[in-house]
Each structure stands twice: as C-alpha cells, then as structure tokens.
Amino acid sequence: MQPPPERTAPDAENAPPTGPGPGRTLGQEAAGGGAPGDARATGSPSAEGSSVPGPRTGAAKAGRVTLRSDLRASWPDGLVALAITAALSALIWARINSRASSTATVMPFMADDPEAFLLYFLSQAFGWSALLWAWITVVLGLLLSGPRPARLPLSGPRLERLHRTTSLNTIALIAAHALLFAAELIRHNDAAWYGAAWTAFVETFVPGGYESGTGRIAIPVGQAALYLAIPLGLLFYIRHRIGPKTWRVLHRFVLVVYVLSVWHTLLYGTNVWYDGWFRTSVWLLQIPIAALFLARLLSPARRSERLPALAAVPGGG
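What counts and how
- Residues numbered from 1 in each chain as written.
- Predicted model: local features only at pLDDT ≥ 70, side-chain atom pairs only at ≥ 80, totals over all residues.
- Heavy atoms only, no water.
- Axes fitted to C-alpha atoms, helices over the stretch in contact; angles between N-to-C directions.
- Helix = DSSP H or I, 4+ residues; strand = E, 2+ residues; numbered from the N terminus.
- Parallel < 35°, antiparallel > 145°, perpendicular 65-115°, else oblique.
- Left-handed = near helix turned anticlockwise from the far one by under 90°.
- Contact = heavy atoms within 4.5 Å.
- Nonpolar A, V, L, I, M, F, W, Y, C, P; charged D, E, K, R; others polar.
- pLDDT = per-residue confidence, 0-100.
- Buried < 20%, exposed > 50% of the residue type's maximum accessible area, 1.4 Å probe, protein only.
- Arc of directions from axis to C-beta.
- Core = buried A, V, L, I, M, F, W, Y, C linked by side-chain atoms within 4.5 Å.

(A) Highlighting the packing of helix 8 (residues 118–145) against helix 17 (residues 286–298). Taken N-terminus to C-terminus, the directions of helix 8 and helix 17 make an angle of 25°; their axes are 9 Å apart at the nearest point. Taken together, the axis directions place helix 8 and helix 17 in an arrangement best described as roughly parallel. For the element pair helix 8 and helix 17, the recorded crossing hand is left-handed. Counted together, W135, V138, V139, L142, L143 and S145 of helix 8 and P288, I289, L292, F293 and R296 of helix 17 form the full contact between these two elements. Residue composition of the contact of helix 8 with helix 17, by class: nine nonpolar, one polar and one charged.

(B) Seen up close, the confidence of the model for the protein. The share of residues in the protein with pLDDT of 70 or more is 73%, and the mean pLDDT across the chain is 78. When the criterion is pLDDT under 50, residues 1–62 qualifies, and its contacts beyond four places in sequence or with other chains add up to 97 contacts.

(C) Seen up close, helix 13 (residues 244–251). W247, R248 and H251 are the residues of helix 13 that are buried. Buried residues of helix 13, seen end-on, are gathered within an arc of 100° and therefore sit on one face of the element. Lining the buried residues of helix 13 we find helix 9 (156–187), helix 11 (215–234), helix 12 (239–242) and helix 14 (254–268).

(D) Molecular detail of the packing of helix 11 against helix 14. The interhelical angle for the contact between helix 11 and helix 14, taken along N-to-C directions, is 155°, at an axis separation of 8 Å. Classified by the angle their axes make, helix 11 and helix 14 are roughly antiparallel. Judged by the twist between their axes, the crossing of helix 11 over helix 14 is left-handed. Packed against helix 11, whose contacting residues are G215, I217, A218, I219, V221, G222, A224, A225, L228, A229 and L232, the element helix 14 presents V254, V256, V257, L260, S261, W263, H264, L267 and Y268 at the interface. Residue composition of the contact of helix 11 with helix 14, grouped by class: 16 nonpolar, four polar and no charged.

(E) View of the environment of L154. Structurally, L154 can be placed in the loop between helix 8 and helix 9. Classification of L154 by relative accessible area gives partly exposed; the value is 27%.

(F) Just the environment of L298, in detail. Residue placement: L298 occurs in helix 17. Using a relative accessible area of 62% as the deciding quantity, one classes L298 as exposed. Sequence separation between L298 and P147 is 151 residues; the distance between their C-alpha atoms is 9.1 Å.

(G) Inspection of the nonpolar core at higher detail. Counting residues in each nonpolar core, the largest one holds 48 residues, and the members touching the most others are Y120, F121, W128, F181, Y258 and I289. With near-sequence residues (within four places) excluded, Y258 lies in contact with L131, A134, W135, V138, Q286 and I289. With 14 residues, the next largest nonpolar core counts L168, I171, A225 and W247 among its residues.

This is how it looks when you write it as structure tokens:
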C-alpha cells in the first residue's frame, strides 16, 4: 500500500531523464540510470576521449527504496501497533470477565472459562489493530495521491515512508490475526497434532474450509483481504521491473483490501453486532476515507489525471 510517485513532479516519469539529482522521481531512482549517452551516468568515455568516472556501484542502489530499508524503518510504528494490540487484549479480557461484551451473549462458554480462549481473544485484538493500521495506511495514501492539507506536520518524503511502513505492519498484523486464529483451532482439537494442524490450516487459509455459522462468508472475505494485501503491498518494491504505470493501476486495488477488511469485521466481529458504540465507531471511521477519496477523484495530485488534462486528449473528455 505504497504511495504514488513524488507529488511535486507527478508527471516526471513521462519526461526525459535528467540524470542523478534531488529532482529525480522514485521511478527514475528505481531504474538507477541517467540520460541516454550521459557520460556522467554511464562512466563511458567522453567525446574528447577522456573517461569521466561514473558513480560508485552502490550509488544507484542507495537511491532506491528497498524492502529491507523499509523493514528497518517500520519498527517504531510496529511497536506502537503492538502496544495498541496489548491494550485491546486487556480491554477484551476485562469485558469478557465482566460479561459486558456481547461475546458472552453469543458464545457464553467463552465467558465461563476465558482462560481457555486466550489465543482467540489475542487474535481478536490483532484483528482490530490490523483494521486500524489499514485505515491509517489508506488515509496516508489518499493524502499523497490527492490534495494535501497545507498545515500537514509531515513532509512529503516522510509521509511516503510512513505510508510504506504502516502498509508493511498492516500485513504483519493481518498475518498474526490469522495465525493466532489457527493456533486456537489447534488447541481445541482433540485429534493428533498433525490432524489438528491440517484441519486448522484448511479452516483458516483455504476458502470454503470453514463451515461454521457466519464464518462461512466472513472468513473467505478475510482470506481475500490477506491474499490481496501481500502482493499489492510488496509490488512497490519491484515497480521498476513491472513499470510505474502498471504499478499505479494495480495499487488502486488497495482500496478493495480495505473494503474487504471492514466487511470481514462487520460480519464476524461479535462486538460490532451488538455493541452500539463499537459498531458506530467503525462506521464513523469511514467518513474521512470517503471524504479523502472524493477529494482524490476531484483533485488528483498527478497532473495527467486532472479533468482539464483529460479533456485535452482526443476522446478523453
């Protein structure tokens, strides 16, 4: 769930390359090249026969954003996500113990012996954190690709990096949510460990494998969100191979991942079914997303996507 190219030069990838420098776009940095025939970029002999040394081997790689560099940069908001997950776990546990949660109404056996379902409650907490981080990632992406508030405290590059790191942490939180759910299924299966592990894998990760109650629809929806989030989030790091235009088209499907995540929550979250303030909070959080999405459609950051530019193209009005 990564940002579009630099906001300050939205159409730079369509312009002739100008060689290394601060004005290069992310796509140009990813390609690691300069202008065709530029001796400074290639290190080839000049017309006078003298050889101008090119950049060091690692110079082009240093300018390219890599998965490894973003993983190293993702630990601060990852720690915040874990702290929020711990707080949510404590809240869920307290509400189950006091029987204030609607889970005690839907599944009273959990409230009778909450210690036996610790992994399930922890899975719930990771699911809520994943939804929150997905919301943050989408908001940051829409700020980058649409009109940006003038008083935004973060600069464009810092906003881009935060967008990428929250995207990576969203994938990690969704994966933890699914793995803990599978571990809970194994824990309560009396079959041999290999049989229990296989059954848990099928019910958690295979569409149609879970055949109980609302999970028959809700779990495949969550699986679709997971299986789309991973490639769409990681395609950013190979966009220099697939091309920036292809990457931008695929990246727009990130919104589908978010919609599926919210749908999964509304279908399978017992707190959302009954607790009015919980359900209301989920719906209220969608208002900023809708407003930013509308602003993105009306005033995109990329000049080539704005309505006057499209109207100038034959047949593009």
